[in-house]
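What follows is the residue order along each chain.
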Amino acid sequence: MADTSARILRLLSLLEARVEWPGGDLAERLGVSARTVRRDIDTLRELGYPVEAVPGPGGGYRLGAAGKLPPLVLDDDQAIAIALALQTAPATVTGIDDAVARALTTLRQVMPARMRAASEAFEVTALRNYWEFSAPPIDVATLQAVGSTMRTSSCLRFDYADPDGRVPAPGDADFRPPHDVEPHHLVVWAGRWYLVARDRNHATWGTYRVDRIRPKTPAGRPFTRALLDPDDLNRLVVQNPDRGDTPGQWQCVGTATLALPSNVVARWAPGGSVVTPIDRHSCRLTIGGWSWAGVAGLFITFDTDLTNVEPSQLCDAFATIRRRLENAPPTGLRQQ
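In this report, we go over the structure that sits alongside the text. (Residues numbered from 1 in each chain as written. Predicted model: local features only at pLDDT ≥ 70, side-chain atom pairs only at ≥ 80, totals over all residues. Heavy atoms only, no water.)

Gaps left between atoms show up when a probe the size of a water molecule is rolled over them. Counted under the stated rule, the structure contains 1 cavity of 30 Å³ or more. Every residue along the wall of the largest cavity is listed here: Trp189, Arg192, Tyr194, Arg243, Asp245, Ala269, Pro270, Gly271, Gly272 and Ser273. Grouping the amino acids of the lining of the largest cavity by side-chain chemistry returns 4 nonpolar, 3 polar and 3 charged. (1 Å grid on protein atoms, 1.4 Å probe; cavity = no way out; pocket = protein on both sides within 12 Å on 5 of 7 lines; lining within 4 Å. Points joined across faces, edges and corners; volume = space filled by probe spheres on them. Nonpolar A, V, L, I, M, F, W, Y, C, P; charged D, E, K, R; others polar.)

Pasting the structure below:
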């Protein structure tokens, strides 16, 4: 099946390269029989590509009135999947909105009419859900730089910004030398991009928020990438409190100590929260929301003892919630 798909892509590319092709020449170029060429031409037509037969001695083929087409072979499900993916991609990268729209337009222009109609049947408007705890979008140049080092298996040197976006300069009391890492995996979780990398100096694995990475040039030395399994990535990202998260920009931000291990809280804490380990059995959680009652409700979902609750507005919210619950009528006695 893979050989057939590759051959059909090659056939479509050849048809694009010249106005007309004798059938024998196509068969020779593809290394197949004339019968196989006719069967592949029929496949292209079934997919909706306008391949016309050219009469005359030996016969031939050419692309029809749709003009030049790139070597794009998609079935209906694939066309719909790409259109939906482009329209529903989360806005986590800056500077690509126009590119996404142009990509969708270009894709539809080169699709046969039947596929284009299938993809246009899904016009999606994405609205923000304010409980999604959106992350700061990533600069596309940063993502390209990180992706390039991964593609070429080259080490990456970068400054790592503070949660407020500041990069300490040489001479500052909190100055840190650039990180020198082997970038192994890009992971998207809870609307945030993470780089899983191995520190070259300390031979340890680390997880870095991509929006805080400030790449430095030139690219580093080559290395051999490791293929981590899903359990490794879950441990390094989902269950890792030291993944570089920053508090969300909410009007109400509170903090408390939870009687739970930090890896458990890190796994279930919503995006825009920060988990700080204390010991094996407790950690500090900082979380925000649109109201103090909302913040309190998020803490309550962890179903554990809370201590060292701050600020006072969050303490008051817990007291208010307790009073409301105590005053709520018993089940079955509520007046209709």
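Back to the text.
Inspection of every chain in the model, using the stated rule, returns 17 salt bridges. For Asp172, the salt bridge identified is with Arg166, shortest N-O distance 3.3 Å. The exposure class assigned to Arg166 is partly exposed, which follows from its relative accessible area of 34%. Counted as one network, the salt bridges with shared partners bring together Asp162, Arg166, Asp172, Asp174 and Arg176. (Salt bridge = Lys/Arg side-chain N within 4 Å of Asp/Glu carboxyl O. Buried < 20%, exposed > 50% of the residue type's maximum accessible area, 1.4 Å probe, protein only.)

One open sheet accounts for 3 strands, arranged β1-β3-β2; its pairing is antiparallel. Each edge of the open sheet carries a strand with a single partner, namely β1 (21-22) and β2 (51-54). Against the sheet, helix α3 (residues 34-46) makes contact with β2 and β3 (60-63), and its axis sits at roughly 140 degrees relative to β2, the strand it touches most. (Pairing = 2+ DSSP bridges. Helix = DSSP H or I, 4+ residues; strand = E, 2+ residues; numbered from the N terminus. Contact = heavy atoms within 4.5 Å. Axes fitted to C-alpha atoms, helices over the stretch in contact; angles between N-to-C directions.)

Our focus in this paragraph is the packing of helix α4 (residues 76-88) against helix α5 (residues 97-110). α5 packs onto α4 with a crossing angle of 165 degrees between their chain directions and a minimal axis gap of 9 Å. Between α4 and α5, the interaxial angle falls into the category roughly antiparallel. Viewed along their axes, α4 and α5 form a crossing whose handedness is left-handed. On α5, the residues that touch Ile82, Ala83, Leu86 and Gln87 of α4 are Val100, Ala103, Leu104, Leu107 and Arg108. Residues that form the contact of α4 with α5 fall into these classes: 7 nonpolar, 1 polar and 1 charged. (Parallel < 35°, antiparallel > 145°, perpendicular 65-115°, else oblique. Left-handed = near helix turned anticlockwise from the far one by under 90°.)

Mapped onto the secondary structure, Val253 falls in strand β11 (residues 252-258). Sequence separation between Val253 and Gly288 is 35 residues, and the spatial gap between their C-alpha atoms is 4.1 Å. Those residues within four positions of Val253 in sequence are excluded, and the remaining contacts are Gly248, Thr286, Ile287, Gly288, Trp292 and Pro311.

Checked against the element boundaries, Leu30 lands in helix α2 (residues 23-30). Accessibility expressed as a relative area gives 14% for Leu30, which makes it buried. Between the C-alpha atoms of Leu30 and Ile8, which are 22 residues apart in sequence, the distance is 9.4 Å.

This next bit is on the sheet that holds strand β12 (residues 274-279). Spatial ordering of the open sheet is given by β12-β13-β11-β14, a layout of 4 strands whose pairing is antiparallel. Each having just a single partner strand, β12 and β14 (306-310) make up the two edges of the open sheet. Each adjacent strand pair in this sheet contributes to an overall mean axis angle of 20 degrees, direction not counted. Packing of helix α10 (residues 292-300) onto the sheet brings it into contact with β11, β13 (282-289) and β14, and relative to β11 it is tilted by some 25 degrees. Sitting on the sheet, helix α11 (residues 312-327) touches β11 and β14, and the angle it makes with β14 is about 125 degrees.

The next point concerns the nonpolar core. Residues Leu258, Val265, Val275, Leu285, Phe299 and Phe302 are the most contacted members of the largest nonpolar core, which totals 22 residues. When residues of this core are traced back to their parent elements, those giving at least two are β11, α9 (262-268), β13, α10 and α11. Of all hydrophobic cores here, the second largest spans 21 residues; its members include Ile8, Leu12, Leu30 and Ala79. (Core = buried A, V, L, I, M, F, W, Y, C linked by side-chain atoms within 4.5 Å.)

Along its 13 residues, α4 runs 18 Å from first to last C-alpha, staying within 8% of the 18 Å computed at 1.5 Å per residue. Within α4, the full set of buried residues consists of Ala79, Ile80, Ala83 and Gln87. Here the buried residues of α4 occupy an arc of 95 degrees about the axis, which is enough to place them on one side. For α4, the elements touching its buried residues are α5 and α6 (113-120). (Expected span 1.5 Å × (residues − 1). Arc of directions from axis to C-beta.)

Under the counting rule described, the total for this entry stands at 3 aromatic pairs. Taking 6.2 Å as the distance between ring centres and 70 degrees as the angle between the ring planes, the aromatic pair formed by Phe158 and Tyr160 counts as edge-to-face. Note on Tyr160: relative accessible area 13%, which makes it buried. Taken together through their ring pairs, the aromatic side chains of Phe158, Tyr160 and Tyr208 make up a single cluster. (Phe/Tyr/Trp six-rings, centres within 6.5 Å; stacked < 30°, edge-to-face > 60°.)

Bringing α3 into the picture now. In this model α3 runs 18 Å from its N-terminal to its C-terminal C-alpha over 13 residues, within 8% of the 18 Å that 1.5 Å per residue would give. Burial in α3 covers these residues: Thr36, Val37, Asp40, Ile41 and Leu44. Buried positions in α3, seen along its axis, are confined to an arc of 140 degrees and lie on one side of it. The exposed residues of α3 that point more than 90 degrees off its buried face are Arg35 and Glu46. Phi turns positive, to about 100 degrees, at Gly48, one or two residues after α3.

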